[in-house]
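An overview of the molecular structure
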Amino acid sequence: DIQMTQSPSSLSASVGDRVTITCQASQDINNFLNWYQQKPGKAPNLLIYDASILETGVPSRFSGSGSGTDYNFTISSLQPEDAATYYCQQYDDLPVFGPGTKVDIK
Amino acid sequence: QVQLVESGGGVVQPGRSLRLSCAASGFTFSTYGMHWVRQAPGKGLEWLAVIWYDGSNKYYADSVKGRFTISRDNSKSTLYLQLNNLRAEDTAVYFCAREKLAAAYYFDYWGQGTLVTVSS
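Our subject in this report is the structure included herewith.

1. Looking at the state of the cysteines
Enumeration according to the criterion identifies two disulfides over all chains in this entry. Residue pairing for A:Cys23: its cysteine sulfur links by disulfide to A:Cys88, the two sulfurs lying 2.1 Å apart. Handedness here is read from the sign of the S-S torsion; for A:Cys23 and A:Cys88, about 70°, the answer is right-handed. Residue A:Cys23 is found in strand 3 (residues 19–25), and its partner A:Cys88 is found in strand 9 (residues 84–90); the two are separated by 65 residues along the sequence. As far as burial versus exposure is concerned, A:Cys23 and A:Cys88 are alike and both buried. Disulfide pairing places B:Cys22 opposite B:Cys96 at an S-S distance of 2.1 Å. Its torsion about the S-S bond being 60°, the disulfide of B:Cys22 and B:Cys96 is classed as right-handed. Taken together, the residues B:Cys22 in strand 3 (residues 18–25) and B:Cys96 in strand 9 (residues 92–101) connect sequence positions 74 residues apart. Comparing B:Cys22 with B:Cys96 shows no difference in burial state: the two are buried.

2. Structural notes on the sheet that holds strand 7 (residues 62–67) of chain A
All names here are of chain A. Spatially, the four strands line up as an open sheet ordered 1-3-8-7, and their pairing is antiparallel. Of all the strands in the sheet, just strand 1 (4–7) and strand 7 have a single pairing partner and so form its edges. Averaged over all pairs of adjacent strands, the angle between strand axes in this sheet comes to 20°, irrespective of strand direction. Where strand 7 lies against strand 8 (residues 70–75), six bridges are found, and the strand directions are antiparallel. Within the sheet, the bridge partner assigned to Gly-66 lies in strand 8 and is Tyr-71.

The rules behind the values
Residues numbered from 1 in each chain as written. Chains lettered and ligands numbered in written order. Predicted model: local features only at pLDDT ≥ 70, side-chain atom pairs only at ≥ 80, totals over all residues. Heavy atoms only, no water. Disulfide = S-S within 2.5 Å. Helix = DSSP H or I, 4+ residues; strand = E, 2+ residues; numbered from the N terminus. Buried < 20%, exposed > 50% of the residue type's maximum accessible area, 1.4 Å probe, protein only. Pairing = 2+ DSSP bridges. Axes fitted to C-alpha atoms, helices over the stretch in contact; angles between N-to-C directions.

What follows is the structure, encoded as structure tokens:
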């Protein structure tokens with residue numbers, strides 16, 4: 001089974017900061033990597049799919065990159081509404097989510 | 001607009017069963033694969049199961065294989081999850097989700113979730 005790790009598990013940053021979250025798979029997942037945002041009490045929201053493709057309607061400050069086993073998710077200029085937990089998810093095999101990264105605003 | 005509405009959650013004793021439903025509207029349900037994902041209180045997301053658009057294939061996470069069964073009724077635009085032999089660790093919010101493209105397991109629409117509490 002493919003295992004997913006994310007780092008950091010949490011972070012606190014200021015409005016306007018550049019924020020990067022890393023996701024690592026236990027084996028090559030061939031760019032089959034997605035990113036979701038989840039706010040408390042809400043369902044997750046798809047932001048990025050296939051490692052770097054921005055979902056329709058998602059602000060361009062969100063981006064994804066990576067290949068093989070290592071993937072990054074970046075918020076280029078953190079906004080107050082970006083406070084949430086972010087999950088990566090692979091689907092090279094049956095889906096597995098990463099453990100999540102909680103992003104707070106200082 | 002696309003809507004997914006889960007129902008059927010509640011409090012159930014260990015060892016008992018429950019059936020969750022997910023009513024879909026706003027899209028052609030019969031042409032989309034559908035998934036169940038759960039989230040234990042204060043924890044992360046756990047993918048549970050997928051059923052292809054026509055019901056021809058179903059796959060499960062190891063953690064629920066043999067206890068949970070995914071099914072669908074395309075005539076009713078409804079997805080189901082049968083939960084058997086429930087355990088305390090099955091306590092979670094259960095979400096249904098639509099896959100954006102056939103066999104591309106990423107999820108562009110989600111329901112609001114239904115809470116299942118397993119407790120004596």
